Amino acid sequence: MKVMQLSVFLENREGRLAEAVGLVAEAGINIRALSLAETADFGVIRMIVDTPDKAITALKAKSIIVKTTDVIAVEVEDKPGGLKKVLDVFHSQGINIEYMYACVEKNNSNAVMLLRVENPEAALEKVKDKVKILKAEEVYEI
Amino acid sequence: MFYSKEEALGQAELESLQSRRLIETVRRVYDNAPFYKAKFDEAGIKPADITSAADLNRLPFTTKQDLRDNYPYGLFAAPMSEIVRIHASSGTTGKMTVVGYTKNDIEMWAALIARCLVMAGATKNDVIHNCYGYGLFTGGLGMHYGTEKLGATVIPVSAGNSRRQIKIMQDFGSTILTCTPSYALNLAETMREMGISPEQLKLKAGIFGAEPWSENMRRDIEKMWGIDALDIYGLSEIMGPGVACECMEKHGLHVFEDHFMPEIIDSKTGKPLPDGESGELVFTTITKEGIPLIRYRTRDITRIIPGKCACGRTFRRIERLSGRTDDMLIIRGVNVFPSEIEMVLMSVEGVEPHYRIIVDRAEHGMDTMEVQVEVSDRLFSDEIKVLEALSTRIEKEIHSVLGVAVTVKMVEPRSIPRSEGKAKRIIDKRKI
């Protein structure tokens, strides 16, 4: 039920993001979700792609540092309060969300959020009956 | 106006004084410092062989490595009961160079600083604004005691908090500023920002040292402050600031030859060079008791300016330092060896041996040092806070070891150029 996220380290300089994304594109990999966290000196791209293993090979070939992290994909109703409802479930279970971002496309009529929590395994057990969790393959194929 | 009559000694008188003092020093180190006894014995030299100043170059050299190998007190020639103060230069604990002073040493040092202050036109009516750091570093306390010796007033303000510095100058009536030249520029900028003009202050001169600077910087400092800016030279191993200082002629630094005998040598062969030729500066202390040093190799490059100085002082002058024979950097007055930074980096798990040190100085600003570290698979974390905590940790470690603040920047793998042979790790962009 976990989704594999790729994290890439990039220096914060002009054109670097385009170069990295270009490498993924050249390899025929489709990005399903992406977020960028940045500081003055560097940035970390977090992304979900349709073929993670292929992406890792392509990036590593260019000496780019890439790490995988497990995240959880949840469906969120696309209406006011939809996200709040999902977050309340995590909160009530005492699960702290470190960061989250959204998928590019909707699944059916629902938005898809990607959540990073400290222990995805345990978190899934606690929330799986209360929110709609998507499988990795489902996310890749949205 | 001189502080002491020795400053105008004739050639013959100076040589006879140096001869007497050199003979005494050689005897003292041979009898009291086992390190020197062993060194002289190995070189086949007996104290009795040294009969005049001209025999100086028969003696073996002393290096910084000797001080490190005999850390902390191994080269002291006086018992600890006679030592009244310790100073030390920056460096990792095992690598600090430690020096000790007897009561007489402190007195002598103070008198030499008093000479420097008089060179800058100071009398006991002056107020010395001393921004050199107080502590193990020799700058602060060295200047301090010299000011008191002269009978002038010292403000032991130390470095930092620039706006407060300007306010104190204004309110306390500081007349002479002592600090590093880059800090003088930095303070001048602050003064400007505060809307204060030099005419509103009583400052008339400054004695600047502990880092390399240039004629251009002198012009800037003099213009911005409306003062005379003089260069002072020293190193803790020999004494601290006040080994040599410029007079108002501003053409070279007079070496206090009645206490320190200078030589310029070819750093490769060790052969002494004639006045006028550029080479490595070597000092022999001839009055120090705590830790006298014989032919100490400073690694600083300069030359002795031939000819007499118009000020009337007869001590020979050295030119502004033009470089070093090793890779030591001087950052905001602190001596930094790249190897020390490397040691800190290598002690952090996951740090690759690929790093680069970028030194820069903003216009009218202080020196900055950036340490670039390549992110490795082991170091990289998906979480920004983890990466930031890591660079902060490295910054803190370097600061605690070197005593100088640096910024650590994480860079991409393989982004630091690899080189064949000796890696070019230092990029010094300072336009000094």
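Residues numbered from 1 in each chain as written. Chains lettered and ligands numbered in written order. Predicted model: local features only at pLDDT ≥ 70, side-chain atom pairs only at ≥ 80, totals over all residues. Heavy atoms only, no water.

Some thoughts on the overall build of chain A
- When you go through chain A residue by residue, the secondary structure sums to five helices and seven strands.
- For chain A, the N- to C-terminal ordering of α and β elements is β-α-β-β-α-β-α-β-β-α-β-α.
- The C-alpha radius of gyration of chain A comes to 16 Å, within 12% of the 14 Å expected for a compact globule of 142 residues.
- Taking the principal axes of its C-alpha atoms as reference, chain A extends roughly 40 × 30 × 30 Å.
- When burial is assessed residue by residue, chain A has 47% of its 142 residues classed as buried.
- Taking all contacts inside chain A whose residues are at least 6 apart in sequence as the whole, residues at least 24 apart take part in 68%.
- Of the roughly 7200 Å² of accessible surface on chain A, a fraction of 49% belongs to carbon and sulfur atoms. (Helix = DSSP H or I, 4+ residues; strand = E, 2+ residues; numbered from the N terminus. Rg over C-alpha atoms; globule rule 2.2 N^0.38 Å. Buried < 20%, exposed > 50% of the residue type's maximum accessible area, 1.4 Å probe, protein only. Contact = heavy atoms within 4.5 Å. Areas by Shrake-Rupley, 256 points an atom, 1.4 Å probe, with all protein chains shown as cover.)

Side note on the sheet that holds strand β18 (residues 367-374) of chain B
Residues and elements named next belong to chain B.
- Sheet architecture is open: four strands sit in the order β19-β18-β17-β20, paired in mixed fashion. Across the chains shown, the open sheet's two edge strands, defined by having one partner strand only, are β19 (407-411) and β20 (426-428). For this sheet, the mean inter-axis angle between neighbouring strands, taken without regard to orientation, is 20°.
- Judged from the five bridges that link them, β18 and β19 form a sheet pairing that is parallel. Each residue of the ladder has a partner; that of Glu374, found in β19, is Val411. (Pairing = 2+ DSSP bridges. Axes fitted to C-alpha atoms, helices over the stretch in contact; angles between N-to-C directions.)

Looking at the packing of helix α6 (residues 162-172) of chain B against helix α7 (residues 181-193) of chain B
All names here are of chain B.
- Remark: α6 packs on α7, axes separated minimally by 9 Å, with the N-to-C direction vectors making an angle of 80°. If you check the angle between α6 and α7, you find them roughly perpendicular. Between α6, through Ser162, Arg163, Gln165, Ile166 and Met169, and α7, the contact on the second element is made entirely by Tyr183, Asn186, Leu187, Thr190, Met191 and Glu193. (Parallel < 35°, antiparallel > 145°, perpendicular 65-115°, else oblique.)

Comments concerning the pattern of salt bridges
Residue and element names in this part refer to chain B.
- The tally for this structure, following the rule as stated, stands at 43 salt bridges over all chains.
- In this structure, Lys37 engages Asp41 in a salt bridge whose closest nitrogen and oxygen atoms are separated by 2.9 Å. Of this pair, Lys37 and Asp41 both sit in helix α2 (residues 34-43), four residues apart, which is roughly one turn of that helix.
- The class of Lys37 is partly exposed, set by a relative accessible area of 37%.
- Since its relative accessible area comes to 33%, Asp41 is described here as partly exposed.
- Between Arg361 and Asp367 there is a salt bridge, with its nearest N and O atoms 2.4 Å apart. (Salt bridge = Lys/Arg side-chain N within 4 Å of Asp/Glu carboxyl O.)

Comments concerning the domain arrangement of chain B
Residue and element names in this part refer to chain B.
- The assigned domain composition of chain B is domain 1 (67-325) and domain 2 (334-428).
- Computed from C-alpha atoms alone, the centre-to-centre distance between domain 1 and domain 2 is 30 Å.
- Between domain 1 and domain 2, the contact holds 15 residues from the first and 13 residues from the second.
- When the two sides are added together, the surface that domain 1 and domain 2 hide from each other amounts to roughly 1200 Å², 51% of it contributed by carbon and sulfur.
- Along the contact surface separating domain 1 from domain 2 lie one salt bridge.
- Across the pair Arg361 and Glu211 runs a salt bridge, and its minimum N-O distance is 3.7 Å.
- Remark: the boundary between domain 1 and domain 2 carries zero residue pairs in polar contact (both at pLDDT 80 or more).
- Secondary-structure elements contributing two or more residues to the side of domain 1 that touches domain 2 are α7 and α8 (215-225).
- Of all the elements, α7 adds the most residues to the side of domain 1 that touches domain 2, at five residues.
- Looking at the side of domain 1 that touches domain 2 residue by residue, the class counts come to five nonpolar, five polar and five charged. (Domains from an automatic or database assignment. Buried area = accessible area lost by both parts, 1.4 Å probe. Polar contact = N/O pair within 3.5 Å; in protein donor to acceptor, adjacent residues only side chain to side chain. Nonpolar A, V, L, I, M, F, W, Y, C, P; charged D, E, K, R; others polar.)

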